[in-house]
Protein chains: 2
Amino acid sequence: MRAVDTIQRKRDGQELTRAEIEAFIGGYTRGEVPDYQASALAMAVFFRGMNDAETVALTEAMMRSGEVLDLSSLPGPKVDKHSTGGVGDKTSLVLAPLAAACGVYVPMISGRGLGHTGGTLDKLEAIPGFRVGLSLAEFRDVLSRCGLGLIGQTPEIAPADRKLYALRDVTATVESRPLIAASIMSKKMAEGIDALILDVKTGDGAFMKSFEDSKALAETMVAIGRGMGKKVSALVTDMDQPLGRTVGNALETVECIETLKGRGPRDLESLSIELTAWMLRLAGVVAGLDEARARAREALASGAGLEKFRQVIELQGGDPRVCDDSGRLAKAAYTVELRSPRDGRVAGIACRAIGHAAMLLGAGRETVDSRIDAAVGIVLDKKLGDPVARGERYATLHVNDKRRLAEARRMVEDAFRIGPEAPPASPLVRLVLD
Amino acid sequence: MRAVDTIQRKRDGQELTRAEIEAFIGGYTRGEVPDYQASALAMAVFFRGMNDAETVALTEAMMRSGEVLDLSSLPGPKVDKHSTGGVGDKTSLVLAPLAAACGVYVPMISGRGLGHTGGTLDKLEAIPGFRVGLSLAEFRDVLSRCGLGLIGQTPEIAPADRKLYALRDVTATVESRPLIAASIMSKKMAEGIDALILDVKTGDGAFMKSFEDSKALAETMVAIGRGMGKKVSALVTDMDQPLGRTVGNALETVECIETLKGRGPRDLESLSIELTAWMLRLAGVVAGLDEARARAREALASGAGLEKFRQVIELQGGDPRVCDDSGRLAKAAYTVELRSPRDGRVAGIACRAIGHAAMLLGAGRETVDSRIDAAVGIVLDKKLGDPVARGERYATLHVNDKRRLAEARRMVEDAFRIGPEAPPASPLVRLVLD
């Protein structure tokens, strides 16, 4: 089967066989299938889609293009969470220690932020000394010692995906559900996990803005995971306002530590507990979700989660004293307070705009090569539905470089809609796919 | 405008502007836009199409990627014909001399055969010494001396098209009407012509098998030509059986010479006269089509057309004695005669299969790098509707290399359907777009 025939078959709406998908991805990984054929196929997939069988085959082919971790020597279930990304979405730093404290292994390989969204690695790197670039051998060692490990993509994991993703980025073929799902799942399934909970964000600050698109993506990813014989479920959760009260790396890391101490914002704590509970349930270490939630809450209340976080920081070269002294994290030189021009309620927070403003301050990346500043970001003193008085502070910008401050400030001011009434409350978890 | 944005806009069904098409094609020609972006755009165009304005802009951008001949110093209208290609389609060798004999300039840049279709250059090269690879300066000189010139694609003409066509061939993006039309027209319009008659073939032996597809391609090409300010009309003509009685390069060249002597097969003569007449009419050198046909017939009857052919052969380095002595052209070592197993009429000739069989004998190219044998081919002793007696010859294979003879022979035998009745006669010219 020549690559051009595979492209043509997909172009004409035929179902690709597992063998031809493997041949195409294998050839692409080895450099035998050139970029121009891969981009043509990606565009054909954009228009024609892929069914579940094709998407599973694509995911497996991309996963097998590199190393697949074998963690079978670790005595217990291995579980992870993946989020499709949002603004202030920082649950990983809370739930990974909580789940590990409840007796499952969490081999978490994460990404960096881009555009208006943040990334787990950037938050971890706000901790002085923390090394996200462990070798796979070091990763395995950290995992076996404390039950969790938090690293970045390594060259060994799914190289076909890395190559294809970079190509899709410059050929307008990113927005294809099977390609998005296969990209995510090929990396997650290479972690050697038994189970995975997916947190698919929906709303203004999410990659998928519409609920229907988010649901469809969740369904595709669940189908892939199950097609590969893993326990996978998904929650579709709200991203119509940032999660928690902070956006920006050191700010978010402090907020996670606070949450592990039982002093975090309600939405962040609640979603972290819920996702931890799902991890425990999918891992099969509890009888049901209620027990799982109780176990997760207990790990939080007892400080066992915080203890795990302290351990993993130390094992990965970071300074665990950040857990006791937030002054050890980077702090911005200035703060700028935004105050309400009127009495009212927070009726809307344009979520993507908040993420974008944080990026302008230096908290996020405009392009993959941008450098970020861990110290800067935005604190949301008020969130959706909160009452706010005239002159009262609703947001605080943490600033080092003032060059784009005016633009960022205006963006946050425009993002906050303060009106007479609170919006109807919408649930944090919009849908459960189980 | 970044290339990726242009791809995305087309992907999403938006109309591309002339400026962005120029930027994309210009960048592609200079190597700044890589192949993988061009193939992604081509696939997006495959799915979304292009309207006439976009297709005109694309054609102009590809034309302007190289040299556009300026023939304004030649004192008279410049006209050409383009055929989308078929089996035994050899009108160029007849109509170009006829039109030149009638006082218009014919600066014809042609292609080679591929697959089941033949090419004008291959037929010309059957003439000993004939050089199709003239420089543009030599071409201009020949044109000015005898009113016609017959050469192949030069590197200066539409390099963007050459690059894009090679890419489309390996990315399953050939079959897109605007891309096909722009590819053809960018080269033709670079000839510096005032007018063009298009011969769009339809039927089993054509690139476009269905009448509707052929008509649509003709319409698009006419729209492009007129959008570029040229006189362009199109005929959609029958390719449900080979044109004339010969398929194979030297055989076809002899048939053209015979036709210029008034002894050719009726369909070839008739279509050549008709296309010549359209060239004269579009050039504006006659009052109407009837006068144009009369002029073309006169050029044939008087031998003026043959005289022009003799001249151009001599000026392009060929041996003009082939016009008097067909023995100066290559002859195959063997002939194999196919005889009818029954009395009847020729009820069908699978046209593409005849072209394919000729290719197997060595008359055509399996890939662009294949070498061809000018001497070999197929003579159709009977054509659609002809009566044939049991034991009577209906086709003759001209053979040098016997390796694929059995396969070719079976193919021709299967291609001829001899039944009790003649098929309904279908007109040679199926549609006129004027």
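Residues numbered from 1 in each chain as written. Chains lettered and ligands numbered in written order. Predicted model: local features only at pLDDT ≥ 70, side-chain atom pairs only at ≥ 80, totals over all residues. Heavy atoms only, no water.

**A closer look at the overall build of chain A**
Alright, step 1. Along its length, chain A carries 16 helices and 13 strands.
Alright, step 2. Over its C-alpha trace chain A gives a radius of gyration of 22 Å, about what one expects of a compact globule, namely 22 Å for 434 residues.
Alright, step 3. Taken over the C-alpha atoms alone, chain A extends approximately 70 × 45 × 35 Å along its principal axes.
Alright, step 4. Within chain A, the proportion of its 434 residues that are buried is 59%.
Alright, step 5. A fraction of 77% describes how many contacts in chain A between residues 6 or more apart in sequence connect residues 24 or more apart.
Alright, step 6. By element, 47% of the accessible surface of chain A is carried by carbon and sulfur atoms, the whole surface being about 16,500 Å².
Alright, step 7. Taken as two groups, the 58 positive and 59 negative side-chain charges of chain A have centres that lie 2 Å from each other. (Helix = DSSP H or I, 4+ residues; strand = E, 2+ residues; numbered from the N terminus. Rg over C-alpha atoms; globule rule 2.2 N^0.38 Å. Buried < 20%, exposed > 50% of the residue type's maximum accessible area, 1.4 Å probe, protein only. Contact = heavy atoms within 4.5 Å. Areas by Shrake-Rupley, 256 points an atom, 1.4 Å probe, with all protein chains shown as cover. Lys, Arg positive; Asp, Glu negative; His and termini not counted. Charge placed at Lys NZ, Arg CZ, Asp CG, Glu CD.)

**Side note on the relation of the copies chain B and chain A**
Alright, step 1. The transformation that overlays chain B on chain A combines an axial shift of 0.1 Å with a rotation of 179°, and the residual RMSD is 0.1 Å. The superposition operator between the copies reduces to a two-fold rotation axis. Proximity to the rotation axis, assessed at the C-alpha, singles out B:Tyr36 in chain B; its C-alpha lies 1.9 Å from the axis.
Alright, step 2. Comparing interface residues between copies, 100% of those in chain B also sit at the interface in chain A, which points to an isologous, same-surface contact. (Least-squares fit on C-alpha atoms with pLDDT ≥ 70 in both.)

**Overview of the packing of helix α15 (residues 351-361) of chain B against helix α16 (residues 405-415) of chain B**
A pair of packed helices is characterised by two quantities: the angle between their axes and the separation of those axes.
Residues and elements named next belong to chain B.
Alright, step 1. Here α15 crosses α16 at 165°, and the two axes come no closer than 9 Å. Classed by the angle they form, the pair α15 and α16 counts as roughly antiparallel. Taken as a pair, α15 and α16 cross one another with a handedness that is left-handed. For the pair α15 and α16, contact is made by Ala353, Ile354, His356, Ala357, Leu360 and Leu361 and by Leu405, Glu407, Ala408, Met411, Val412 and Ala415, respectively. (Axes fitted to C-alpha atoms, helices over the stretch in contact; angles between N-to-C directions. Parallel < 35°, antiparallel > 145°, perpendicular 65-115°, else oblique. Left-handed = near helix turned anticlockwise from the far one by under 90°.)

**Focus: the sheet that holds strand β4 (residues 195-202) of chain B**
Residue and element names in this part refer to chain B.
Alright, step 1. Spatially, four strands are ordered β1-β4-β5-β13 in an open sheet, and the strand pairing comes out mixed. Each edge of the sheet is formed by a strand with only one pairing partner; in this case those strands are β1 (79-83) and β13 (429-433). When strand polarity is set aside, the average angle formed by the axes of neighbouring strands in this sheet is 15°.
Alright, step 2. Sheet topology note: the strand β5 (residues 231-238)/β13 ladder contains four bridges and is antiparallel. Note on β13: the bridge partner recorded for Leu235 is Val432.
Alright, step 3. Most of the contacts of helix α10 (residues 211-227) go to β5, to which it runs at about 165°, and overall it touches β4, β5 and β13.
Alright, step 4. Along the sheet, helix α12 (residues 266-283) contacts β1, β4, β5 and β13; its crossing angle with β4, the most-contacted strand, is approximately 150°. (Pairing = 2+ DSSP bridges.)

**With respect to the interface of chain B and chain A**
Alright, step 1. Counting residues at the interface gives 22 residues for chain B and 22 residues for chain A.
Alright, step 2. Inspection of the region where chain B meets chain A yields two salt bridges.
Alright, step 3. Residue B:Arg11 pairs with A:Glu175 through a salt bridge whose shortest N-O separation is 2.7 Å.
Alright, step 4. For the pair chain B and chain A, the number of links is nine residue pairs in polar contact (both at pLDDT 80 or more).
Alright, step 5. Looking at the side of chain B that touches chain A, the elements with two or more residues in it are α1 (3-11), α3 (35-48) and α8 (159-169) of chain B. (Salt bridge = Lys/Arg side-chain N within 4 Å of Asp/Glu carboxyl O. Polar contact = N/O pair within 3.5 Å; in protein donor to acceptor, adjacent residues only side chain to side chain.)

**Side note on the pattern of salt bridges**
All names here are of chain B.
Alright, step 1. Considering all chains together, one arrives at 85 salt bridges over all chains under this definition.
Alright, step 2. Between Arg11 and Asp12 there is a salt bridge, with its nearest N and O atoms 2.9 Å apart.
Alright, step 3. For Asp12, a relative accessible area of 36% puts it in the partly exposed group.
Alright, step 4. Here Asp122 makes a salt bridge to Arg112, at a shortest N to O gap of 3.1 Å. In this pair, Asp122 is assigned in helix α6 (residues 120-124) and Arg112 in the loop between β2 (106-110) and α6, connecting sequence segments ten residues apart.

**Here we look at the side chain of B:Thr91**
Alright, step 1. By the secondary structure assignment, B:Thr91 is in the loop between β1 and α5 (92-101).
Alright, step 2. Only 3.1 Å separates the side chain of B:Thr91 from the side chain of B:Lys81, close enough to count as a polar contact.

**Quick look at the pairing of strand β9 (residues 377-380) of chain A**
Residue and element names in this part refer to chain A.
Alright, step 1. The side-chain alternation of β9 yields two buried faces, one formed by Gly377 and Val379 and the other by Ile378 and Leu380.
Alright, step 2. The pairing of β9 with strand β11 (residues 393-399) spans four bridges and is antiparallel. When the sheet's bridge partners are listed, Leu380 is paired in β11 with Ala395.

**Notes on α1(B)**
Given 3.6 residues per helical turn, the α-helix brings residues three or four places apart onto the same face.
Alright, step 1. Here α1(B) lies mainly inside the structure; seven of its nine residues are buried.
Alright, step 2. For α1(B), every residue scored as buried is listed here: B:Ala3, B:Val4, B:Thr6, B:Ile7, B:Arg9, B:Lys10 and B:Arg11.
Alright, step 3. Buried positions along α1(B) lie against α3 (35-48) and α8 (159-169) of chain A together with α2 (18-29), α3 and α4 (52-64) of chain B.
Alright, step 4. Looking one or two residues beyond α1(B), the residue adopting positive phi is B:Gly13, at roughly 80°.

**Focus: the environment of B:Leu114**
Alright, step 1. By the element assignment, B:Leu114 lies in the loop between β2 and α6.
Alright, step 2. Leaving out residues up to four positions away in the same chain, B:Leu114 has contacts with B:Arg365, B:Glu366, B:Thr367 and B:Val368.

**Section: the environment of B:Ser39**
Alright, step 1. In this structure, B:Ser39 sits in helix α3.
Alright, step 2. Here B:Ser39 falls in the buried class, since its relative accessible area comes to 0%.
Alright, step 3. Taking C-alpha positions, B:Ser39 is 13 Å from B:Gln8, a pair spaced 31 residues apart along the chain.
Alright, step 4. The residues touching B:Ser39, leaving out its near neighbours within four places in the chain, are A:Tyr36, A:Ser39, A:Ala40, B:Leu167, B:Thr171 and B:Thr173.
Alright, step 5. For B:Ser39, the side chain forms a polar contact with the main-chain oxygen of B:Tyr36, separated by 3.3 Å.

**Describing the packing of aromatic side chains**
Alright, step 1. Counted according to the given criterion, the structure contains five aromatic pairs over all chains.
Alright, step 2. Taken together, a centroid distance of 5.2 Å and an interplanar angle of 80° make the contact between B:Phe46 and B:Phe47 edge-to-face.
Alright, step 3. In this structure B:Phe47 comes out as partly exposed when scored by relative accessible area, which is 23%.
Alright, step 4. Between B:Tyr394 and B:Phe416 the ring centres are 4.7 Å apart and the planes differ by 45°, which places this aromatic pair in the tilted class. With B:Tyr394 in strand β11 (residues 393-399) and B:Phe416 in strand β12 (residues 416-419), the pair connects residues that are 22 residues apart, well separated along the chain.
Alright, step 5. Every member of this aromatic cluster is reached through a ring pair, and the members are A:Phe46, A:Phe47, B:Phe46 and B:Phe47.
Alright, step 6. Above the face of the A:Tyr334 ring, A:Lys402 is positioned so that its terminal group lies 3.8 Å from the ring centre. (Phe/Tyr/Trp six-rings, centres within 6.5 Å; stacked < 30°, edge-to-face > 60°. Lys NZ or Arg CZ within 6 Å of the ring centre and 35° of its normal.)

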